[in-house]
Amino acid sequence: MCKTYLWPVFHYIALPDSIDKKNEAEAWNAYYETNLVYAKKVAETYKEGDLIWIHDYHLLLVPLMLRELLPDQHPYISLFLHCPFPSSEYFRCLPRREALLDGMLGCNLVCFQTHSYARHFLSSCVRVMGYEAGSGGVDVRGKITRIAHCPIGIDFDNVEHDSLFVHTSLRRHNPGVAPKVEALRRLYAGKKIIVGRDKLDPTKGVLPKLRAFERFLTDYPEWANKVVLIQVTSPSPGDSPALATKVSELVDQINGTFGSLEFQPVHHYHQTVERDEYFALLTVADLALITSIRDGMNTTSMEYIICQAEAKGPLLVSEFTGVSATLTKAVRVNPWDLGGVARAINTCLNMPLDERIQRHQFLHETVRTQTSAVWAHTNILKLLESLQGEQATQNTPPLDRATLLANYKKAKKRLLLFDYDGTLTPIVKDPLAAVPPKKLLEVLPAIVADPKNVVCIISGRDGGFLEQHLGHIPNLGMSAEHGCFIREPGGQWKSLTEDLDMDWRKDVLQIFRYYEARTQGSWVEKKISSLTFHYRNADPVFGLFQAKECQAMLESMQESLPIDVLVGKKNVEVRPAHTNKGEIVHRLLYLHPDAEFCMCAGDDKTDEDMVLHFSTRAPLTIAYKYRIVPFHGSNL
């Protein structure tokens, strides 16, 4: 699963055409079971107060699994993704995209290498899952998962110690590096040395690098026999034989065109280079050339900067490499623009010493201060800050079911008030598809039939919809269109707005139609006493933008029109002023003052008016006000 599906998509590589359903299911099952093994082991050793830090795409399901394995302990979980995160348009190619995103969103904090990766993740959560972007994160069914970015560094002191062959301030040297530096300088005397070190996989951009170097030799013939590219490709189990063949053929082509018996411009070494040799190579180089097509972090660039403490050689790095956002004084290139890379090589080789010194000082200070230790410390601080933010937020606490049930049983009269969409039925893209589930149609009549219970559905739906799906239940009270209509148990529908001025509907409908025509996927719902602009099926970002503009325009008209503007889940609704669900609650509380147990359940901002009226109840009355918050598929 990791190398066949996740790694390619995260690096913008198309999935192979040979994938079939059986192989995909087997790969997913293996990935799921591996994550489950890790999650169970962590759960076994977890102690209250521990911080759990998960790394990379191999364990994306572990956060949610830990939530399920430790339901009452609320562990503090952070995930850091070392690889890139693709745009939502590419990420949605994954067959199990929803499960992967939900797994990651089980964290308190999800952290990435760069701001762009974090932005892509947020976009995927909005566009693929339909979640809403909250303050600093994603609102996942009432729970905020924070999103941050923190570039990883290297162990500066260790690399500096191992790579140092002469350091005038410390008067010390690494005996393993020094002779190799001298040998390389003698071997390539009089030549400019360009260094590249990459794994032999498509994302590292070895082929574009060679093509760009070929273009450089073509466009700048004055560099003939004066510059050499030393390219090291480290062997790994995932090496592509086809890519290795193409690289070898291109190296032969360049050497055949621009080389001679005495000189070859490209030296390609497909082998593991010892650490001393590697640091010696970075030390003698006049330029480091990194042309990754996609890369989370490139350690070679940072190690090169440390090794260039004396020579001050420039760094040329692909803009698609994660470190390019941090190493801002490096020369950034688009590896696909061969002419642009060729010009950048020429610029770097001719760069004046004062500019090289200025650039290197900034790069060296960045690498020195943004180390791996600082990265780890920052990640922990970000997790603690996110937890502090959660504690400062007044979240709806989990329902104490035992206490609620005990109070319910001993009450002689009960008043039970329920919202419909998102409370009794899940939110769906097509509002007409939000029909009562079979279980609800079995349980609700039994609750209503209890002579101690007074049950009322208080919804924003129109009366016809409620009557169609719930009207057959005897003695069930219903209110429609956010308090504009009411049907008391055993009674008929009554309009509470028949004496109100409704001339505003024409102006509001005209505004809604304007935005409907300009927002693909949106539509306008006309009810008897209210109008609603729905954008659930529109592009999430553009739909929200249009809805906010529409809302601002309507709110500016409130001084002249008797309306209330209500923002719901993926909709903007306009209703007559001073009519809301709270007025229905107030009415029911007045009609049933002897109710000893009152419970009101809703799921979004449109239900807040209901719960506010419970403050008028007598002190001894037991009242419950709860939002229904589905957390990972189950209602609390």
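Note that the structure is a prediction, hence the values are computed from the model and not measured. (Residues numbered from 1 in each chain as written. Predicted model: local features only at pLDDT ≥ 70, side-chain atom pairs only at ≥ 80, totals over all residues. Heavy atoms only, no water.)

## Points about the overall build of the chain
When helices and strands are counted, the chain shows 22 helices and 25 strands. Relative to its length of 636 residues, the chain is extended, with a C-alpha radius of gyration of 32 Å against a globular reference of 26 Å. The proportion of buried residues among the 636 residues of the chain is 51%. Sequence separation of 24 or more characterises 71% of the internal contacts of the chain that already satisfy a separation of 6 or more. Carbon and sulfur atoms make up 53% of the accessible area of the chain, which amounts to about 30200 Å² in all. (Helix = DSSP H or I, 4+ residues; strand = E, 2+ residues; numbered from the N terminus. Rg over C-alpha atoms; globule rule 2.2 N^0.38 Å. Buried < 20%, exposed > 50% of the residue type's maximum accessible area, 1.4 Å probe, protein only. Contact = heavy atoms within 4.5 Å. Areas by Shrake-Rupley, 256 points an atom, 1.4 Å probe, with all protein chains shown as cover.)

## A few points about the pattern of salt bridges
A full pass over the atoms with the stated rule returns 19 salt bridges. Across the pair Lys 41 and Glu 44 runs a salt bridge, and its minimum N-O distance is 3.9 Å. Of this pair, Lys 41 and Glu 44 both sit in helix α2 (residues 21-45), separated by three residues, roughly a single helical turn. Since its relative accessible area comes to 54%, Lys 41 is described here as exposed. For Glu 44, a relative accessible area of 60% translates into the label exposed. (Salt bridge = Lys/Arg side-chain N within 4 Å of Asp/Glu carboxyl O.)

## Re the confidence of the model for the chain
Per-residue confidence for the chain gives a mean pLDDT of 87, with 93% of residues at or over 70. Across residues 629-636, where pLDDT falls below 50, the model places 21 contacts with residues more than four positions away in sequence or in other chains. (pLDDT = per-residue confidence, 0-100.)

## A word on the sheet that holds strand β6 (residues 143-149)
Taken together, six strands build an open sheet; the order of strands is β1-β2-β3-β6-β5-β4 and the sheet is mixed. Both edges of this open sheet fall to β1 (51-55) and β4 (132-134), since each of them pairs with a single strand only. Taken pair by pair, the neighbouring strands of this sheet meet at an average axis angle of 25°, ignoring direction. For strand β2 (residues 76-81) and strand β3 (residues 109-112), the ladder comprises four bridges, and the chain directions are parallel. The partner of Phe 80 across the bridge, within β3, is Cys 111. Sitting on the sheet, helix α3 (residues 62-69) touches β1, β2 and β6, and the angle it makes with β1 is about 150°. Packing of helix α6 (residues 115-127) onto the sheet brings it into contact with β3, β4, β5 (137-140) and β6, and relative to β6 it is tilted by some 155°. (Pairing = 2+ DSSP bridges. Axes fitted to C-alpha atoms, helices over the stretch in contact; angles between N-to-C directions.)

## Overview of empty space enclosed by the protein
Inspection of the entire model under this criterion finds four cavities of 30 Å³ or more. Computed from the structure, the largest cavity encloses a volume of approximately 420 Å³. What lines the largest cavity is a set of 27 residues, and nearest its centre among them are Asp 421, Arg 461, His 534, Lys 569 and Asn 571. Of all elements in the fold, only β18 (523-526), β19 (531-534) and β21 (571-576) reach the threshold of two or more residues within the lining of the largest cavity. Considering only residue class, the lining of the largest cavity consists of five nonpolar, nine polar and 13 charged. Computed from the structure, the second largest cavity encloses a volume of approximately 50 Å³. Considering the residues around the second largest cavity, the lining is formed by Lys 312, Gly 313, Pro 314, Leu 315, Lys 329, Ala 330, Met 351, Arg 356, Arg 359, His 360 and Leu 363. Top contributing element to the lining of the second largest cavity by residue count: helix α14 (residues 353-369), with four residues. Split into classes, the residues belonging to the lining of the second largest cavity amount to five nonpolar, two polar and four charged. (1 Å grid on protein atoms, 1.4 Å probe; cavity = no way out; pocket = protein on both sides within 12 Å on 5 of 7 lines; lining within 4 Å. Points joined across faces, edges and corners; volume = space filled by probe spheres on them. Nonpolar A, V, L, I, M, F, W, Y, C, P; charged D, E, K, R; others polar.)

## Examining helix α11 (residues 275-284)
Extensive coverage of α11 is indicated by the burial of seven of its ten residues. Packing partners of the buried residues in α11 comprise α7 (156-163), α8 (178-187), β7 (192-199), β8 (227-234) and α12 (299-307).

## Some thoughts on the layout of surface pockets
Taken as a whole, the second largest pocket encloses approximately 880 Å³ of empty space. Lys 3, Trp 7, Lys 199, Asp 201 and Lys 204 are, among the 32 residues lining the second largest pocket, the residues nearest its centre. For the lining of the second largest pocket, the secondary structure elements donating two or more residues are α1 (2-10), β7 and α12. For the lining of the second largest pocket, the class distribution of residues is eleven nonpolar, twelve polar and nine charged.

## A few points about the packing of aromatic side chains
Overall, the coordinates contain 21 aromatic pairs when judged by the stated rule. Taking the centre distance of 5.1 Å and the plane angle of 40° together, the rings of Trp 53 and Trp 375 count as tilted. With Trp 53 in strand β1 and Trp 375 in helix α15 (residues 372-392), this residue pair connects regions lying 322 residues apart in the sequence. Judged by its relative accessible area of 27%, Trp 53 falls in the partly exposed class. A connected cluster of aromatic rings, assembled from ring pairs, spans Phe 10, Tyr 57, Phe 85, Phe 91, Phe 112 and Phe 121. (Phe/Tyr/Trp six-rings, centres within 6.5 Å; stacked < 30°, edge-to-face > 60°.)

## What about unusual backbone geometry?
A positive phi angle, near 60°, is found at Tyr 12, a position not held by glycine. If you trace the backbone, Tyr 12 turns up in the loop between α1 and α2. With phi around 55°, Glu 481 is a residue other than glycine that occupies positive phi space. Secondary-structure assignment places Glu 481 in the loop between β15 (477-480) and β16 (485-487). Residue classification places Glu 481 among the buried positions, given a relative accessible area of 1%.

## Quick notes on the sheet that holds β7
Strand order in the open sheet made by the six strands is β9-β8-β7-β10-β11-β12, with parallel pairing throughout. If you trace the sheet from one side to the other, it starts and ends with β9 (266-269) and β12 (331-333), each paired once. Between one strand and the next, the sheet's axes are offset by a mean angle of 20°, whatever the strand orientation. Taken together, the two bridges between β7 and strand β10 (residues 287-290) define a ladder with parallel strand orientation. Considered in β10, the bridge of Val 195 is made with Ala 288. Against the sheet, α11 makes contact with β7 and β8, and its axis sits at roughly 140° relative to β7, the strand it touches most. The sheet strands contacting helix α13 (residues 338-349) are β7, β8, β10, β11 (315-318) and β12, and the helix crosses β10 at an angle near 160°.

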